[in-house]
Amino acid sequence: MYGQTVQGSEFTALSSRFRDGIGRSILHLVETTSTMDVAKAMIDHSTDITGLHGKVIIAEKQQRGRGRFGRRWFSYDGEDILMSAVVCPRASLTGQLSIMAGLAAALTVDEFTTTRSAIKWPNDVQVDGAKVCGVLSEGFTSGDTFAGVLGIGLNVNSRHDTDATRVFNSVSLRQLRPPNPMLDRGEVLRVMLTHMNDLYDALDRGESILPEWRDRLETLGREVELTMMGAGDASVSEKIIGVAEDVDDFGRLLVREPSGIVRAVATGDVTARSGRNG
């Protein structure tokens, strides 16, 4: 139904390590439109979406991989980690899922590099200003049950310095590990899933992961231009200029405009206009 699977996959073998958590079931596809599409199709065709909790879909190639606001996610076939994870938390945790995934990605990057990663709000993981990982979060409901789908694109072995067509300032884990040895993607996924489960379990125990996520936000303290997008497409609906002062308990960016009004922004594109203040 979802396409050809990879036989003898180093990824699917990891499911035995995460029997009750995220990664307890791993579908490894040769090619698909996007792992987010597959996850959504599974939810649409499920009579009990709670049974999908912990399901991970990973693909070697995406025909139409996408990032936030429907933008295309550029990836390299068979070199990176292109995955989506389905989680069905209790209602009080739904607003923390994107934060959990972004922080897990940042911690994973740290384990395979020699520098501490930063997060560009809301959840682009960067090293020295270059993007190494992007996180996309979407939510679906069936009756009273909520399912979150966390899409993660992590540059692992791709060489972005040799790609003349790239639009964004990107880098991979391999490039950040001189002399650029190939990494075992199965080991990278194991570390990613371990961090996701540790953070999810912390949230489930009632602990807060917000301070650790906030501490990595390179956006805070800067004058920014924040572009708001229209619902359902990538059209610009509003632009806000101000100082990104903080985030609230839901991860919304608190931007103080020149008038002194503080806006709580849940989503949008942020561009820094100056260096960090103070």
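A quick note: this is a predicted structure, and the numbers were derived from the prediction, not measured.

A. Representation of the overall build of the protein. From N to C terminus, the protein includes 4 helices and 12 strands. Counting the 278 residues in the protein, one finds 51% classified as buried. Of the contacts made within the protein by residues no fewer than 6 positions apart, 65% connect residues no fewer than 24 positions apart. Entry remark: accessible area of the protein is about 12900 Å², with carbon and sulfur atoms responsible for 47%.

B. Up close: helix α1 (residues 35–44). For α1, the buried fraction is high: 7 of the 10 residues fall into the buried class. Taken residue by residue, α1 has Thr35, Met36, Val38, Ala39, Ala41, Met42 and Ile43 as its buried positions. Lining the buried residues of α1 we find β1 (25–29), β2 (55–59), β3 (81–87), β6 (130–142) and β7 (145–154).

C. Region of the structure containing the nonpolar core. Counting residues in hydrophobic clusters, the biggest one holds 64 residues, and the most contacted among them are Met83, Met100, Leu154 and Met196. The contacts of Leu154, once residues within four sequence positions are left out, are Asp80, Ile81, Thr108, Val109, Val132, Cys133, Leu173, Val188 and Met192. Counting residues in each nonpolar core, the second largest holds 17 residues, with Val38, Leu52, Ile57 and Val86 among its members.

D. Representation of the pairing of β1. Counting buried residues in β1 gives 4 out of 5 residues, a clear majority hidden from the surface. Here β1 pairs with β2 via 5 bridges, running parallel. When the bridges of β2 are listed, Ile26 appears paired with Val56. Taken together, β1, α1 and β2 constitute a β-α-β crossover, and its handedness is right-handed.

E. A look at the sheet that holds strand β4 (residues 118–120). The strand order across the open sheet formed by 7 strands is β1-β2-β3-β7-β6-β5-β4, and the pairing between neighbours is mixed. Looking at strand neighbours, the two that pair on one side only are β1 and β4, the edges of this open sheet. Averaged over all adjacent pairs, the angle separating strand axes in this sheet is 20 degrees, with direction ignored. Two elements, β4 and strand β5 (residues 124–127), share 3 bridges in a ladder whose sense is antiparallel. Note that in β5 the partner of Ala118 across the bridge is Gln126. Strands β1, β2, β3 and β7 of the sheet are contacted by helix α3 (residues 185–204), whose axis makes an angle of about 30 degrees with β3.

F. Up close: the side chain of Asp124. Secondary-structure assignment places Asp124 in strand β5. Look at Asp124 and you get buried, because its relative accessible area is 17%. Within polar-contact distance, the side chain of Asp124 engages the side chain of Lys131 at 3.3 Å. In this structure Asp124 touches Ala118, Ile119, Lys131, Cys133 and Gly134, once residues within four positions along its chain are discounted.

G. Seen up close, unusual backbone geometry. Here Trp121 and Pro122 are connected by a cis peptide whose omega angle stands at 5 degrees. Topologically, Pro122 is positioned in the loop between β4 and β5. Here the bond from Pro178 into Pro179 is cis, since omega is 5 degrees, no more than 30 degrees from zero. Following the sequence through the fold, Pro179 ends up in the loop between β7 and α3. Positive phi outside glycine occurs at Asp128, with the angle close to 50 degrees.

H. Molecular detail of α3. If you check α3, its first and last C-alpha atoms are 28 Å apart, about what 20 residues at 1.5 Å a residue would give, namely 28 Å. Among the 20 residues that make up α3, 14 are buried, leaving the element largely enclosed by the rest of the structure. With a side-chain oxygen lying 2.8 Å from the backbone nitrogen of Gly186, the N-terminal cap of α3 falls on Asp184. Downstream of α3 by one or two residues, Gly206 has phi in the positive range, about 90 degrees.

I. Representation of the pattern of salt bridges. Considering all chains together, one arrives at 15 salt bridges under this definition. Here Glu245 ties to Arg256 by a salt bridge, and the two come within 2.7 Å at their closest N and O atoms. Taken together, the residues Glu245 in strand β9 (residues 236–247) and Arg256 in strand β10 (residues 253–256) connect sequence positions 11 residues apart. Glu245 sits in the partly exposed class, given a relative accessible area of 37%. Through salt bridges that share partners, Glu238, Glu257 and Arg263 make up one connected network.

J. Structural view of the packing of helix α2 (residues 97–111) against α3. Two numbers describe how α2 lies on α3: the axes approach to 8 Å, and their chain directions differ by 140 degrees. Between α2 and α3, the crossing angle belongs to the class labelled oblique. Crossing hand, α2 versus α3: right-handed. Contacts from Leu97, Met100, Leu103, Ala104, Ala105, Leu107, Thr108 and Glu111 in α2 reach Val188, Val191, Met192, His195, Met196, Leu199, Tyr200 and Leu203 in α3. Residues belonging to the contact of α2 with α3 are distributed by class as follows: 13 nonpolar, 2 polar and 1 charged.

Conventions used here
Residues numbered from 1 in each chain as written. Predicted model: local features only at pLDDT ≥ 70, side-chain atom pairs only at ≥ 80, totals over all residues. Heavy atoms only, no water. Helix = DSSP H or I, 4+ residues; strand = E, 2+ residues; numbered from the N terminus. Buried < 20%, exposed > 50% of the residue type's maximum accessible area, 1.4 Å probe, protein only. Contact = heavy atoms within 4.5 Å. Areas by Shrake-Rupley, 256 points an atom, 1.4 Å probe, with all protein chains shown as cover. Core = buried A, V, L, I, M, F, W, Y, C linked by side-chain atoms within 4.5 Å. Pairing = 2+ DSSP bridges. Right-handed = clockwise from strand over helix to strand, strands pointing away. Axes fitted to C-alpha atoms, helices over the stretch in contact; angles between N-to-C directions. Polar contact = N/O pair within 3.5 Å; in protein donor to acceptor, adjacent residues only side chain to side chain. Expected span 1.5 Å × (residues − 1). Salt bridge = Lys/Arg side-chain N within 4 Å of Asp/Glu carboxyl O. Parallel < 35°, antiparallel > 145°, perpendicular 65-115°, else oblique. Left-handed = near helix turned anticlockwise from the far one by under 90°. Nonpolar A, V, L, I, M, F, W, Y, C, P; charged D, E, K, R; others polar.

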